There are 2 protein chains.
Amino acid sequence: MEKSKQPFCWVLLAFFILSCLVARTHGRMKEQGLHHFYKSTLKPDSGIDSSLFQATDDLVDQTNILPQEGLKEGDWIKALPGQPPVKFSQYGGYVTVNKAAGRALYYYFVEAEQPSKETLPLLLWLNGGPGCSSLAYGAMQELGPFRVKSDGKTLFKNKYSWNYAANVLFLESPAGVGFSYSNTTSDYSKMGDKITAADNYMFLVNWQERFPEYKNRPFYISGESYAGHYVPQLAHTILYHNEKANRTIINLKGIIIGNAVINDETDTRGMYDYFATHALIPDRVVSQIQKYCDFSPNASNQSPVCIAALEAVFPNIGNINIYNIYAPLCFSTNITSHPKKASILNFDPCSNYYVYAYLNRPDVQEAMHANVTKLTHDWEPCSDVLTTWLDSSSTIIPLLQEFMANGIRVWVFSGDIDGRVPVTSTKYSLNKMHLHVKTTWHPWFLKGEVGGYTEVYKGDLTFATVRDAGHQVPSFQPTRGLSLIKHFLGGTPLPNTKRSN
Amino acid sequence: MEKSKQPFCWVLLAFFILSCLVARTHGRMKEQGLHHFYKSTLKPDSGIDSSLFQATDDLVDQTNILPQEGLKEGDWIKALPGQPPVKFSQYGGYVTVNKAAGRALYYYFVEAEQPSKETLPLLLWLNGGPGCSSLAYGAMQELGPFRVKSDGKTLFKNKYSWNYAANVLFLESPAGVGFSYSNTTSDYSKMGDKITAADNYMFLVNWQERFPEYKNRPFYISGESYAGHYVPQLAHTILYHNEKANRTIINLKGIIIGNAVINDETDTRGMYDYFATHALIPDRVVSQIQKYCDFSPNASNQSPVCIAALEAVFPNIGNINIYNIYAPLCFSTNITSHPKKASILNFDPCSNYYVYAYLNRPDVQEAMHANVTKLTHDWEPCSDVLTTWLDSSSTIIPLLQEFMANGIRVWVFSGDIDGRVPVTSTKYSLNKMHLHVKTTWHPWFLKGEVGGYTEVYKGDLTFATVRDAGHQVPSFQPTRGLSLIKHFLGGTPLPNTKRSN
């Protein structure tokens, strides 16, 4: 991996050490589940670069819009192995995003039940990393219609699946993630935000050709963690090409990002503050970090005092699940011969292992029309193929401002017990936007309980926390997650009294 | 209730409003379960008053040491109604602490199993309030050997009961709390820290006479919340009388207090900071509080800006359980005709109602030798009889310092998801002691997981958090609570590696 003197190099070092700690503690699979999220800070070429926000120009004109007739039918999934009966359709398959290179992205599409599928919007979900799979997390452990049981071969129903609110499209992106691939393997060392946005856009344009009935459907983009970069950059690309073509190629209405990487400096400061205020590390360590570390985009080096303080953090957080600081750990990574009793309301910390087993089964891959090129590597929750990340802007705030100016709905949410991109970080990052309050901070309710807190800003930007949820909000609080997305998609404020939910 | 211009009057007002909110939301029983803890700030006569730490002088010489021969046998509880079989003895009854007034305190004593009861220490547990019952919380919902099922008449075993670590004595204190009473009802309007310490001391001296086999047993005092006042003040009284008598009347070895009221100013500041850092209230509200409110013992008034900021807090926290900010609420306050499936590891938020039903049953009271004078009021988890609290020092730090200087073991713990006396408050209060670190901050482990974090100070004072525990630590984290008390009683450091627990 190319290493150059770059901003954040010391922070990167810190997170490498952390990743090692986590790996040692939880074994290989856990490492994959966690450490790739940490890649959100692995940005050898980061720093403010406004050109990053310039959408790739020649996408729609080039040869990558391909005929899609008849392909939809071939993508129809009769049933996933081990699934319970359901009343909606599923599709899975590949969309070529760059014919010359042979880059194709795998998608899994879950329609809402009939007749709602005709009236509900289209929602894209993206996981982050960079390098993590929307099948692994979004579809199979968060908001998809099924979860995998502990036997790694049977599925159970998620009655809080987001396909009660939308037709949901899960995309493994960029190439090199999950089942998505490039026949030009050198592509794997050339990935970054820009190519991801371009490929995701080409995916959407082609997918719409394959599913023309969704062409004018209100479209929303959702995602978490490093998808805080993917989602706005894709949205920006959509807006750019709509404007350039002077027509609505994709009918984008809004974006929603959760526990999202938004603004590196405040995200990082917020993370250490969260550790201290949640009694994970001593206040004196965070005081030193805040005093001696420079997390600004212009920083090129860190003082020894800063490095010592950062190093003092790791032993304290290396043995908890930083994505849900109160969650139990997974102690039995083997799948079971018989499925354990499972419940949507009690997230199983070993789920990642069940999903890994399930998605590597040949019958599952066949049913999903996945791995058609016989990849030389296993399907992984987070990619081992991608080793570099070439471009990553230090902030996506200008994009959020662009959407607000263009009437695109913007929601930012945060599971409040995530330590990786915690609510403190999101609050600090939003503060940077100097927003004006429209609807002041208040609890929002679901079934008589506080689901979280929310504040709406003039613009319109809605911020909402989800109480007692970790990084992967729908994993830990499926009912609250579904309520949140329903209000987002419906354009309705989160309820400020117990009676109206 | 006498009202005078006193420090904290505005804070008191604030908490009154909060109590009303809580009461409106959760009904009467919930009010009792919560609002009396709030009495920890109901201190009409508070402010620094060093005379509060002067132990009542003439206790042991007066007529309140009464003959106890033969009373122990009468206190033996054959079995509690609805209990499963156990291998230890239980006792319950009254100890007169003031013969002239007719003040008697109810105790419930749970011995460790044979033969451990001979070798394990004696541990007193006190709940706070002021006005809350150690039977209600400590014995029946936290660390006692049984929990009450949802039918309000059967019990199930707590396999993490602290009587695996000690012979445990639960005391309802002062008179007016639970089954404890005074025949001079005017006593109920004269209670405060000082009389509580004196009565608790007289209880202990007489109880030792009744149970002489415990006379030289190593003795420890534990408690939570406002027992942060009771425990040190009782310990101080013990030390005082030992010294005065020049002999060990009570063999005090250590104290341990959890989520404890320690130092009003820092406790209060820490609470608001906790609310903000846990995304319950906006940062701008806490900024105003920290800027415009004066929580020092000398403050006599608060500015309108401060009051407005305090008022902005309540709507945000009135609908969550402030004693465990992530806990579900109790929605069905009725006891069930058949017991629901119950588990020690999943605390039932409606437990307070089951305990209320159980302890008001005539057969239970008879078996426990309780309510022998036929009180004119129900047994309540927190007293409705006590309406004033005459004295409450603004800090107990000098007492902690006294114990450290006298070789008394001092442990301070904190369940880290309590919002009432949160970990932030305890950290701020300990900072006031200007301690020097002996063993630096590190996670402590139980069964491979982080049980919490700990730091030991020269002196010796141990601070420990309990991860994912609310105000009532053994309710929410019974395994971690038991491990903590075992290490405290054993005088062994909390383990800093996974392997040693």
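Residues numbered from 1 in each chain as written. Chains lettered and ligands numbered in written order. Predicted model: local features only at pLDDT ≥ 70, side-chain atom pairs only at ≥ 80, totals over all residues. Heavy atoms only, no water.

Draft legend 1. Representation of the overall build of chain A in the model. Along chain A, the regular secondary structure elements total 15 helices and 14 strands. Across the 501 residues in chain A, those meeting the buried criterion constitute 66%. Relative to all contacts within chain A whose residues are 6 or more apart in sequence, the contacts with residues 24 or more apart total 75%. Split by element, the accessible area of chain A, about 17,200 Å² in all, is 53% carbon and sulfur. (Helix = DSSP H or I, 4+ residues; strand = E, 2+ residues; numbered from the N terminus. Buried < 20%, exposed > 50% of the residue type's maximum accessible area, 1.4 Å probe, protein only. Contact = heavy atoms within 4.5 Å. Areas by Shrake-Rupley, 256 points an atom, 1.4 Å probe, with all protein chains shown as cover.)

Draft legend 2. The packing of aromatic side chains, seen in detail. All chains considered together, the criterion is met by 55 aromatic pairs over all chains. Measuring from centroid to centroid gives 4.3 Å for tryptophan 207 of chain A and phenylalanine 211 of chain A, while their planes differ by 15°, and the two rings are stacked. Each member of the pair, tryptophan 207 of chain A as well as phenylalanine 211 of chain A, carries the same accessibility label: buried. Look at tryptophan 125 of chain B and tryptophan 162 of chain B: their rings are 5.6 Å apart centre to centre, the planes differ by 90°, and that puts the pair in the edge-to-face class. (Phe/Tyr/Trp six-rings, centres within 6.5 Å; stacked < 30°, edge-to-face > 60°.)

Draft legend 3. Representation of helix α7 (residues 264-277) of chain B in the model. Residue and element names in this part refer to chain B. Between its first and last C-alpha atoms α7 spans 20 Å; for 14 residues at 1.5 Å apiece the expected length is 20 Å, and the two agree. In terms of residue burial, α7 counts as a mostly covered element, since 11 of its 14 residues are buried. Following α7 by one or two positions, alanine 279 has its phi on the positive side, about 60°. (Expected span 1.5 Å × (residues − 1).)

Draft legend 4. Region of the structure containing unusual backbone geometry. Residue and element names in this part refer to chain B. For the bond from glycine 129 to proline 130, the omega torsion is -5°, close enough to zero to count as cis. Its location among the elements puts proline 130 in the loop between β4 (122-126) and α4 (135-142). Cis geometry marks the peptide bond from serine 173 to proline 174, where omega comes out at -5°. Position of proline 174 relative to the elements: it lies in the loop between β7 (167-171) and β8 (181-182).

Draft legend 5. Structural context of the relation of the copies chain A and chain B. Its rotation angle being 180°, the transformation that places chain A on chain B also includes 0.0 Å of axial translation and leaves an RMSD of 0.0 Å. On this basis, the relationship between the two copies can be described by a two-fold rotation axis. For chain A, the minimum C-alpha distance to the rotation axis belongs to threonine 277 of chain A and amounts to 3.2 Å. Counting the interface residues of chain A, we find that 100% of their copies in chain B are interface residues as well, pointing to one common contact surface. (Least-squares fit on C-alpha atoms with pLDDT ≥ 70 in both.)

Draft legend 6. Representation of the nonpolar core in the model. By size, the foremost hydrophobic cluster in this structure holds 296 residues, and its most contacted members are Tyr108 and Ile221 of chain A together with Tyr108 and Ile221 of chain B. When neighbours within four sequence positions are excluded, isoleucine 221 of chain A is seen to be in contact with Leu123, Leu124, Leu126, Val231, Leu234, Ala235, Ile238, Leu252, Gly254, Ile255 and Ile256 of chain A. (Core = buried A, V, L, I, M, F, W, Y, C linked by side-chain atoms within 4.5 Å.)

Draft legend 7. Quick peek at the environment of leucine 234 of chain B. Residues and elements named next belong to chain B. Mapping leucine 234 onto the fold places it in helix α6 (residues 227-245). Take leucine 234: its relative accessible area is 0%, and that puts it in the buried class. The spacing of leucine 234 and tyrosine 201 is 33 residues in sequence and 6.3 Å in space, taken between C-alpha atoms. For leucine 234, the residues in contact, after removing those within four places along its chain, are Leu124, Leu126, Ala197, Asn200, Tyr201, Leu204 and Ile221.

Draft legend 8. Structural context of the side chain of glutamate 449 of chain B. Assignment of secondary structure puts glutamate 449 of chain B in strand β13 (residues 449-457). With a relative accessible area of 9%, glutamate 449 of chain B lands in the buried category. There is a polar contact of 3.3 Å between the side chain of glutamate 449 of chain B and the backbone nitrogen of leucine 329 of chain A. Within the structure, glutamate 449 of chain B has its side chain in polar contact with the side chain of arginine 467 of chain B (distance 3.2 Å). (Polar contact = N/O pair within 3.5 Å; in protein donor to acceptor, adjacent residues only side chain to side chain.)

Draft legend 9. Structural view of the interface of chain A and chain B. Each side of the interface is counted separately: chain A has 41 residues, and chain B has 41 residues. Summed over the shared surface of chain A and chain B, the number is 4 salt bridges. In this structure, arginine 284 of chain B engages glutamate 455 of chain A in a salt bridge whose closest nitrogen and oxygen atoms are separated by 2.5 Å. There are 17 residue pairs in polar contact (both at pLDDT 80 or more) connecting chain A and chain B. Mapped by element, the contributors of at least two residues to the side of chain A that touches chain B are α7 (264-277), α8 (283-292), α9 (304-317), α13 (423-431), β12 (437-446) and β13 (449-457) of chain A. Counting residues per element, the side of chain A that touches chain B draws most heavily on β12 of chain A, at 6 residues. Considered class by class, the residues forming the side of chain A that touches chain B number 21 nonpolar, 10 polar and 10 charged. (Salt bridge = Lys/Arg side-chain N within 4 Å of Asp/Glu carboxyl O. Nonpolar A, V, L, I, M, F, W, Y, C, P; charged D, E, K, R; others polar.)

Draft legend 10. Helix α5 (residues 193-210) of chain A, seen in detail. Counted at 1.5 Å a residue, the expected span for α5 of chain A with its 18 residues is 26 Å, and the 25 Å between its end C-alpha atoms agrees. Judged by how many residues are buried, α5 of chain A sits mostly within the fold: 15 of 18 residues are covered.

Draft legend 11. Structural detail: the environment of phenylalanine 53 of chain A. Along the chain, phenylalanine 53 of chain A turns up in the loop between α1 (9-38) and α2 (71-75). The exposure class of phenylalanine 53 of chain A is buried, given its relative accessible area of 14%.

Draft legend 12. Summary view of the state of the cysteines. Taken as a whole and assessed by the stated rule, the structure comprises 6 disulfides over all chains. Covalently, cysteine 132 of chain A is tied to cysteine 382 of chain A through a disulfide, its sulfur atoms 2.0 Å apart. Its S-S torsion of about 105° marks the bond between cysteine 132 of chain A and cysteine 382 of chain A as right-handed, since a negative value means left-handed. Here the residue cysteine 132 of chain A occupies a position in the loop between β4 (122-126) and α4 (135-142), and cysteine 382 of chain A occupies one in the loop between α11 (362-368) and α12 (397-405), the gap between them amounting to 250 residues. For the pair shown, cysteine 132 of chain A and cysteine 382 of chain A are each scored as buried. Across the disulfide from cysteine 330 of chain B sits cysteine 350 of chain B; the S-S distance is 2.1 Å. Here the disulfide of cysteine 330 of chain B and cysteine 350 of chain B is right-handed, its torsion about the S-S bond being about 110°. Here the residue cysteine 330 of chain B occupies a position in the loop between α9 (304-317) and α10 (351-359), and cysteine 350 of chain B occupies one in the loop between α9 and α10, the gap between them amounting to 20 residues. For the pair cysteine 330 of chain B and cysteine 350 of chain B, one class covers both residues: buried. (Disulfide = S-S within 2.5 Å.)

Draft legend 13. Summary view of the pairing of strand β9 (residues 219-224) of chain B. Residue and element names in this part refer to chain B. Among the 6 residues that make up β9, 6 are buried, leaving the element largely enclosed by the rest of the structure. Side chains Phe219, Ile221 and Gly223 project from β9 onto one buried face, and the interleaved Tyr220, Ser222 and Glu224 project onto a second face that is buried too. Relative to β9, β4 runs parallel, the two sharing 5 bridges. Considered in β9, the bridge of leucine 122 is made with phenylalanine 219. Handedness of the crossover is the feature at issue here: the chain leaves β9, passes through α6, returns alongside strand β10 (residues 252-258), and the resulting connection is right-handed. (Pairing = 2+ DSSP bridges. Right-handed = clockwise from strand over helix to strand, strands pointing away.)

Draft legend 14. Up close: the packing of helix α5 (residues 193-210) of chain B against α6 of chain B. All names here are of chain B. As a packed pair, α5 and α6 sit with axes 9 Å apart at the nearest point and diverge in direction by 60°. With respect to their mutual orientation, α5 and α6 come out oblique. The hand of the α5/α6 crossing is right-handed. Contacts between α5 and α6 involve Asp193, Thr196, Ala197, Asn200, Tyr201 and Leu204 on the former and, on the latter, His229, Tyr230, Gln233, Leu234, Thr237, Ile238 and His241. (Axes fitted to C-alpha atoms, helices over the stretch in contact; angles between N-to-C directions. Parallel < 35°, antiparallel > 145°, perpendicular 65-115°, else oblique. Left-handed = near helix turned anticlockwise from the far one by under 90°.)

Draft legend 15. A look at the pattern of salt bridges. All names here are of chain A. In this structure the tally under the stated criterion is 24 salt bridges over all chains. Here glutamate 213 and lysine 72 are joined by a salt bridge, their closest N and O atoms 2.5 Å apart. Highlighted residues: glutamate 213 in the loop between α5 and β9 (219-224) and lysine 72 in helix α2, separated in sequence by 141 residues. Classification of lysine 72 as buried rests on a relative accessible area of 15%. The network of salt bridges with common partners includes Arg103, Asp187 and Asp199.

Draft legend 16. Broad picture of the pairing of β13 of chain A. Residues and elements named next belong to chain A. For β13, a buried count of 9 out of 9 residues is recorded, marking the element as mostly surrounded by other parts of the structure. Counting the residues between successive antiparallel strands, the hairpin from β12 to β13 contains 2 residues, one of them, lysine 447, with a positive phi of roughly 50°. Where β13 hands over to strand β14 (residues 461-466), the hairpin turn is made up of 3 residues, of which glycine 459 adopts a positive phi near 155°.

Draft legend 17. Region of interest: the confidence of the model for chain A. Per-residue pLDDT for chain A averages 89, and the proportion of residues at 70 or more is 88%. Considering only residues more than four positions removed or in separate chains, one finds that residues 1-51 of chain A, a stretch of pLDDT under 50, has 121 contacts. (pLDDT = per-residue confidence, 0-100.)

Draft legend 18. The arrangement of the side chain of glutamate 111 of chain A in detail. Residue and element names in this part refer to chain A. Mapping glutamate 111 onto the fold places it in the loop between β3 (103-110) and α3 (116-119). Accessibility expressed as a relative area gives 1% for glutamate 111, which makes it buried. In this view, glutamate 111 contacts Phe88, Ser89, Tyr91, Lys117, Asn163, Asn167, Glu213 and Tyr214; residues no more than four positions away in its chain are not counted.

Draft legend 19. Summary view of the packing of helix α8 (residues 283-292) of chain B against α9 of chain B. Residue and element names in this part refer to chain B. It is the contact of α8 with α9, at a shortest axis distance of 9 Å, that shows an interaxial angle of 145°. When you trace α8 past α9, the crossing you get is left-handed. Of the residues in α9, those in contact with Val285, Gln288, Ile289 and Tyr292 of α8 are Val305, Cys306, Ala309, Leu310, Ala312 and Val313. Broken down by class, the residue content of the contact of α8 with α9 amounts to 9 nonpolar, 1 polar and no charged.

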